[in-house]
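# Architecture and fold: a report
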Amino acid sequence: MATAAMTVAVPRIKLGVDGLEVSKIGLGCVGMSETYGPPRPELEMVRLIHHAVDSGVTFFDTSDFYGPHTNEILLGRALKGMREKVQIATKFGARLKGDVVEICGHPAYVREACEASLKRLETNYIDLYYIHRIDTRVPIEITMGELKKLVEEGKIKHVGLSEACPSTIRRAHAVHPLAAVELEWSLWSRDSEDEIIPTCRELGIGIVAYSPLGRGFLAAGPSFVENLSESDFRKRFPRFQPENIEQNKKIYERLCEMAARRECSPAQLALAWVLARGDDVCPIPGTTKIDNLNQNMEAFLLELTPEEKAELESCASPDMVKGERHAFMSQTWINSETPQLSNWKLENHIDDGV
């Protein structure tokens, strides 16, 4: 039987300037499917999603890459009958070709991917449609141009980017307003703070923080890493490798010390830090357990003092963290610049998959 819904009031925030309103905390759904180990039982995940809605969470994050495809199917089934109460964010642009992940921003593929996601989600519109990763072979204006058409057709309501550099964000936003940029942001992943977040705020773009609990490490520490299944994508991440784990364990231990003083869990403290970053920030912690979701919701009850925020940031400062934040840094914002639109011709972009 599902645990009773939380009574914590969940604030609503607006992402971007064109009307997208979501719960201040969302639910990342990737872990429900095959990406983070074996898929979880569908009935349990449907129950979890329904519990999230009952608890005040209305913002759900998925991608056609998760599974692949099965995560969207699960979410579509779970949200039947409550579509108008929720906001669905999904993504396109990363696809498997054999064992290789290919990034594609070709306009024909944009449309093809959108149509396929609509069918899997069993809906006639997507609230927020992200470019999952930036195709550095295609000017961002070309990809955004097709997304703008999909907005005009009513198939998507709002557009977002994931892991995009400041110049890419500016160029995309000039074609069609961006509602949100999705980026990895947590106590130990703060590389976006120097340029990307200021750029978003200058342009009025919302910020969606994925992996706000450090892909689970800030919630459970080294024991979490030891218990990952061999099929779990996170096994590849540099920060979880033996040569880095001893140093990174110190971050978790300090977080636990602070959490003990506040009589909360380390996960709640880490999430409270992200929630406090601003009214334009929506973290999307993922979970497959109702108890974890309930604990995440209680992070709203923690008000951090300036001194506590500074102490948290010092315990996970860049010089304290060992290892890159992602297994494939080349596919993050550090390598997201696209060709300039001038002198670029669509027919010169060869893509056998479209």
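Residue numbering note: each chain is counted from 1, following its sequence as written. Local features in this predicted model are restricted to residues whose pLDDT is 70 or higher, and side-chain atom pairs enter the listing and the counts only when it is 80 or higher, whereas totals over whole chains, interfaces and linings include all residues. Think of the side-chain values as coming from all heavy atoms in the structure, minus any hydrogens and water.

For the protein, the name recorded in an unreviewed UniProt entry is Alcohol dehydrogenase, with Perilla frutescens var. hirtella as its organism.

Across its full length, the protein holds 12 helices and 12 strands. The C-alpha radius of gyration of the protein comes to 19 Å, within 12% of the 20 Å expected for a compact globule of 354 residues. Residue exposure (1.4 Å probe, protein chains only): buried if accessible area is under 20% of the type maximum, exposed if over 50%, otherwise partly exposed. Burial statistics for the protein: of 354 residues in total, 58% are counted as buried. For the protein, restricting intrachain contacts to residue pairs at least 6 apart in sequence, the fraction spanning at least 24 positions comes to 79%. Exposure was quantified through the Shrake-Rupley algorithm and a 1.4 Å probe, taking into account, for residues, occlusion by the shown protein chains and nothing else. Total accessible area computed for the protein in this model is approximately 14900 Å², and 51% of it derives from carbon and sulfur atoms. For the purpose of charge, His is not counted, nor are the chain termini; Lys and Arg are scored as positive and Asp and Glu as negative. By convention, the charge on Lys lies at NZ, on Arg at CZ, on Asp at CG and on Glu at CD. Across the protein, 41 positive and 52 negative side-chain charges occur, with their mean positions spaced 2 Å apart. Segments assigned H or I by DSSP are reported as helices when at least four residues long, segments assigned E as strands when at least two residues long, and all are numbered from the N terminus. With the radius of gyration taken over C-alpha atoms, the globule rule is written as 2.2 Å times the number of residues to the power 0.38. We call two residues contacting when some pair of their heavy atoms lies within 4.5 Å.

As a further point, take the packing of aromatic side chains. Pairing of aromatic side chains requires ring centres within 6.5 Å, counting the rings of Phe and Tyr and the six-membered ring of Trp. Pairs whose planes differ by under 30 degrees are stacked, by over 60 edge-to-face, and all others tilted. Enumeration according to the criterion identifies nine aromatic pairs in this entry. Ring centres of Trp188 and Phe217 lie 4.9 Å apart, and the angle between their planes is 10°; on these two criteria the pair is classed as stacked. Of this pair, Trp188 sits in the loop between β10 (178-184) and α6 (196-203) while Phe217 sits in helix α7 (residues 217-220), and the two are 29 residues apart along the sequence. Each member of the pair, Trp188 as well as Phe217, carries the same accessibility label: buried. Within the aromatic cluster, the residues linked to one another by ring pairs are Trp188, Phe217, Phe224, Phe240 and Tyr252. Only when the NZ of Lys or the CZ of Arg is both within 6 Å of the ring centre and within 35 degrees of the ring normal is a charge said to sit over the ring. One cation-aromatic arrangement involves Arg95 over Tyr109; the distance from NZ or CZ to the ring centre is 4.3 Å.

In this structure, Arg239 sits in the loop between α8 (222-226) and α9 (242-262). For Arg239, which is buried and forms no salt bridge, the nearest opposite charge comes from Glu184, at a distance of 5.2 Å. Polar contacts here mean pairs of N or O atoms no more than 3.5 Å apart (in protein, one a potential hydrogen donor and the other a potential acceptor; neighbouring residues in sequence count only if both atoms are side-chain atoms). Polar contacts involving the side chain of Arg239 include one to the main-chain carbonyl oxygen of Trp188, which spans 2.8 Å. Here Gly323 takes part through its backbone oxygen, which lies 3.0 Å from a polar atom of the side chain of Arg239. Apart from residues lying up to four places away in sequence, Arg239 is in contact with Trp188, Ser189, Asn244, Ile245, Asn248, Val321, Lys322, Gly323, Glu324 and Arg325. Criterion for a salt bridge: a side-chain nitrogen of Lys or Arg within 4 Å of a carboxyl oxygen of Asp or Glu.

For our purposes a nonpolar core is just a set of buried Ala, Val, Leu, Ile, Met, Phe, Trp, Tyr and Cys residues, chained together by side-chain atoms within 4.5 Å. In this structure, Phe60, Leu79, Met144, Leu147, Ile156, Leu161 and Ile169 are the most contacted members of the largest nonpolar core, which totals 92 residues. The element best represented in this core is helix α10 (residues 266-275), accounting for eight residues. With 14 residues, the next largest nonpolar core counts Phe59, Leu128, Val208 and Ile284 among its residues.

Running from amino to carboxyl end, α9 crosses helix α12 (residues 306-315) at an angle of 160°, the nearest separation of the two axes being 9 Å. Relative to α12, the element α9 lies roughly antiparallel. α12 is crossed by α9, and the crossing has left-handed handedness. Here α9 contributes Ile251, Arg254, Leu255, Met258, Arg261 and Arg262 to the contact with α12, which in turn contributes Glu308, Glu311, Leu312, Ser314 and Cys315. A per-class count over the contact of α9 with α12 returns five nonpolar, one polar and five charged. Only the contacting stretch of a helix is used when fitting its axis, a line to C-alpha atoms as for every element, and angles between N-to-C directions run 0 to 180 degrees. Roughly parallel refers to an angle under 35 degrees, roughly antiparallel to one over 145, roughly perpendicular to one between 65 and 115, and oblique to any angle outside these ranges. Here is the rule for handedness: rotate from the far helix to the near one, and if that takes an anticlockwise turn smaller than a right angle the crossing is left-handed, while a clockwise turn gives right-handed. Ten residues, namely Ala, Val, Leu, Ile, Met, Phe, Trp, Tyr, Cys and Pro, are considered nonpolar, four, namely Asp, Glu, Lys and Arg, are considered charged, and the remaining ones, Gly among them, are considered polar.

What follows deals with the environment of Arg325. By secondary structure assignment, the location of Arg325 is in the segment after α12. With 265 residues separating them along the chain, Arg325 and Phe60 place their C-alpha atoms 23 Å apart. Discounting chain neighbours no more than four positions away, the residues touching Arg325 are Glu163, Glu184, Ser189, Asp191, Tyr210, Arg215, Phe237, Arg239, Thr332 and Trp333. Reaching out from Arg325, the side chain makes a polar contact with the side chain of Glu163 at a distance of 2.9 Å. Within the structure, the side chain of Arg325 is placed 2.9 Å from the side chain of Glu184, a separation counted as a polar contact.

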